[in-house]
Amino acid sequence: RKEVEQDPGPFNVPEGATVAFNCTYSNSASQSFFWYRQDCRKEPKLLMSVYSSGNEDGRFTAQLNRASQYISLLIRDSKLSDSATYLCVVNTNAGKSTFGDGTTLTVKP
Amino acid sequence: SAVISQKPSRDICQRGTSLTIQCQVDSQVTMMFWYRQQPGQSLTLIATANQGSEATYESGFVIDKFPISRPNLTFSTLTVSNMSPEDSSIYLCSVQPGGVNTEAFFGQGTRLTVV
């Protein structure tokens, strides 16, 4: 079993749709959690951190359930520019980052 | 934040040769991380480069194949040695200037093709 597992995707949605990505992790000692975005042929960039209380940044909402070892990302009112691969990243207390395989989102007009 | 200059951005190499990838950071950082991203897959950590000590390698990666240098707090190199087509991948360096469990910043990546 992989340490971090994500929805395999791909997700193909129309503009304006709401889409949710899920991620589970196996290491119960994991300390911090992130969603990164990676555009084609580019390096990953931080989209948002994920906090236990849940957090929102504009159209993006991230949630963490430590008991279930589950992380989610919700994108509302999808834009064409949201098309990318979304990576779930989990850090241990030693700072080691483990990346999920990514979920590819394509938003179509 | 951090800005990382990584080079080369891409290269096509003959099997059996070696390629050294460089990363220069615009600030001093304790640890630098080297990742591999194979086509269609996510990032896999190769090793953590520490200044003044040997790099720490992850399972499946060895120093003879991926020697790393870390001469100071702003620079590191990763060498891919005795390359084979299976080494064709994107290699990325990364830093977390805010400390462990903070945002990671990446170099632009090196797209390596071994023929």
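The preceding data block contains the structure.
Here is what the cut-offs are and how they apply
Residues numbered from 1 in each chain as written. Chains lettered and ligands numbered in written order. Predicted model: local features only at pLDDT ≥ 70, side-chain atom pairs only at ≥ 80, totals over all residues. Heavy atoms only, no water. Helix = DSSP H or I, 4+ residues; strand = E, 2+ residues; numbered from the N terminus. Rg over C-alpha atoms; globule rule 2.2 N^0.38 Å. Buried < 20%, exposed > 50% of the residue type's maximum accessible area, 1.4 Å probe, protein only. Contact = heavy atoms within 4.5 Å. Areas by Shrake-Rupley, 256 points an atom, 1.4 Å probe, with all protein chains shown as cover. Lys, Arg positive; Asp, Glu negative; His and termini not counted. Charge placed at Lys NZ, Arg CZ, Asp CG, Glu CD. Buried area = accessible area lost by both parts, 1.4 Å probe. Salt bridge = Lys/Arg side-chain N within 4 Å of Asp/Glu carboxyl O.

(A) Spotlight on the overall build of chain A. The helix and strand inventory of chain A stands at 0 helices and 11 strands. Going residue by residue from the N terminus, the α and β elements of chain A occur as β-β-β-β-β-β-β-β-β-β-β. In summary, chain A has a C-alpha radius of gyration of 13 Å against a globular reference of 13 Å for 109 residues, a match within 12%. With respect to the principal axes defined by its C-alpha atoms, chain A has extents near 40 × 30 × 20 Å. Burial status across chain A gives 47% buried among its 109 residues. In chain A, the share of contacts with a sequence separation of at least 24, taken over all contacts with a separation of at least 6, comes to 55%. About 5300 Å² of surface is accessible on chain A, with carbon and sulfur atoms providing 47% of the total. Averaging the coordinates of the 12 positive side-chain charges in chain A and doing the same for the 11 negative ones gives two points 3 Å apart.

(B) Quick peek at the interface of chain A and chain B. The interface of chain A with chain B comprises 20 residues on the first partner and 18 residues on the second. Both sides together, the interface formed by chain A and chain B hides about 1500 Å², and carbon and sulfur atoms give 49% of it. Together, Arg 41, Glu 43 and Phe 99 of chain A form the three largest contributors to the area buried by chain A at its contact with chain B, with a combined 30%. At the boundary of chain A with chain B, the tally comes to 1 salt bridge. Linking Lys 96 of chain A and Glu 58 of chain B is a salt bridge whose minimum nitrogen-to-oxygen distance equals 2.8 Å. Looking at which element gives the most residues to the side of chain A that touches chain B, the answer is strand 4 (residues 32-38) of chain A, with 4 residues.

Such coordinate-based values are descriptive only and should not be taken to indicate function.
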